[in-house]
Amino acid sequence: MAAANIGGYSGNLDLTPFTYTCGTSTITFIASSGLKTITTNNKALYSLAFNGVNTQWQLVDNLTLKGSITLTNGALLANSKNLILSGQDISTIDGNFTVANNSAFYDFSCSSTTGKQIKFAAGKTVAVTHEFNITGSSAIRIKLSSTSISSIPADRKWNINAQVASVLLAEVSDSNA
């Protein structure tokens, strides 16, 4: 799985029995209905995309991503699991991850001493039922911004809805969070 994009994956994903090294693959989940599960067995993935009307994907364990996550259609049931962003320079979070659609993450965390940029989709909300934790370094701050390049500030807004937020040594733009 490490060197190619995996498009149109429609079943449950269970990495438990595999030796897996994260490359730069994007796994695209496409299904027409039902509940699908994702078990990473604490293995990092690069990027995930979800596109399936009437489909729910449920996390069985914490999700560590080195790239991006996109929720176009369907629902990601975070199941009170953590989203941990690590690795690559830029991660994009695109989709409404809310308590109302059961896709809120328990913890959302990113720490970096080498620089990281997290881009949130404009007009979208990421809900975190416990702690949103971003920690940069005094030398290089983590940048939180919008995916939009609109010249109208209101068109670039993104939102975080968290019980507890700790944002240290970060540059935040385009958000009221």
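Reading the values: rules and limits
Sequence positions are assigned chain by chain, starting from 1 and proceeding in written order. Owing to the predicted nature of the model, reporting of local features is limited to residues with pLDDT of at least 70; listing and counting of side-chain atom pairs is limited to 80 or more, with chain, interface and lining totals taken over all residues. Excluding hydrogens and water, the side-chain values take into account all heavy atoms of the structure. At least two DSSP bridges between two strands are required for those strands to pair. Only DSSP runs of H or I with at least four residues qualify as helices, and only runs of E with at least two residues qualify as strands; both kinds are numbered from the N terminus onward. In this description, a line fitted to the C-alpha atoms serves as the axis of each element, helices being fitted only across the stretch in contact, and the angle between N-to-C directions of two axes falls anywhere from 0 to 180 degrees. For this document, the term salt bridge refers to a Lys or Arg side-chain nitrogen within 4 Å of an Asp or Glu carboxyl oxygen. A 1.4 Å probe rolled over the protein chains alone gives each residue an accessible area, and that area as a share of the maximum for its type sets the label: buried under 20%, exposed over 50%, partly exposed in between. Only heavy atoms enter the contact rule, under which two residues are in contact if any of them lie within 4.5 Å. By nonpolar core we mean a set of buried residues, namely Ala, Val, Leu, Ile, Met, Phe, Trp, Tyr and Cys, connected to one another through side-chain atoms within 4.5 Å.

Asker: Please set out the sheet that holds strand S12 (residues 125-135) residue by residue, giving values where relevant.
Answerer: As summarised here, the arrangement of the five strands in space is S6-S8-S10-S12-S14, forming an open sheet in which the pairing is parallel. Across the chains shown, the open sheet's two edge strands, defined by having one partner strand only, are strand S6 (63-65) and strand S14 (159-168). The average angle at which neighbouring strand axes cross in this sheet is 15°, direction not considered. Of the strand pairs in this sheet, strand S8 (residues 83-85) and strand S10 (residues 105-111) are connected by two bridges, and their pairing is parallel. In the strand pairing of S10, Ile84 is matched with Ser109.

Asker: How would you summarise the pattern of salt bridges if you had to cite specific residues and measurements?
Answerer: Within this structure, the stated rule accounts for one salt bridge. With a shortest N-O distance of 2.9 Å, Arg156 and Asp174 are connected by a salt bridge. Of this pair, Arg156 sits in the loop between strand S13 (142-146) and S14 while Asp174 sits in the segment after strand S15 (170-172), and the two are 18 residues apart along the sequence. Of the residues examined, Asp174 reaches a relative accessible area of 16% and is grouped as buried.

Asker: Quick one: what's the story with the environment of Glu131, residue by residue and with numbers?
Answerer: Residue placement: Glu131 occurs in strand S12. With relative accessibility at 23%, the residue Glu131 sits in the partly exposed group. Spatially, the C-alpha atom of Glu131 lies 16 Å from that of Leu144, the residues being 13 residues apart in sequence. Filtering out sequence-adjacent residues up to four positions away, Glu131 remains in contact with Tyr106, Asp107, Phe108, Val164 and Ser166.

Asker: An account of the nonpolar core is requested, with residue identities and associated values reported.
Answerer: Note that soluble globular proteins tend to have their nonpolar side chains buried in a common cluster. Formed by 37 residues in total, the largest nonpolar core has its most connected members in Phe50, Ile69, Leu76, Ile93, Phe108, Ile118 and Phe120. Look past the residues within four positions of Ile93 in its chain and what remains in contact with it is Ile69, Leu83, Leu85, Phe108, Ile118, Lys119, Phe120, Ala121 and Val126.

Asker: Before we move on, could you go through unusual backbone geometry and cite the residues and values that matter?
Answerer: A positive phi angle, near 55°, is found at Asn79, a position not held by glycine. As for its position among the elements, Asn79 is in the loop between strand S7 (69-77) and S8.

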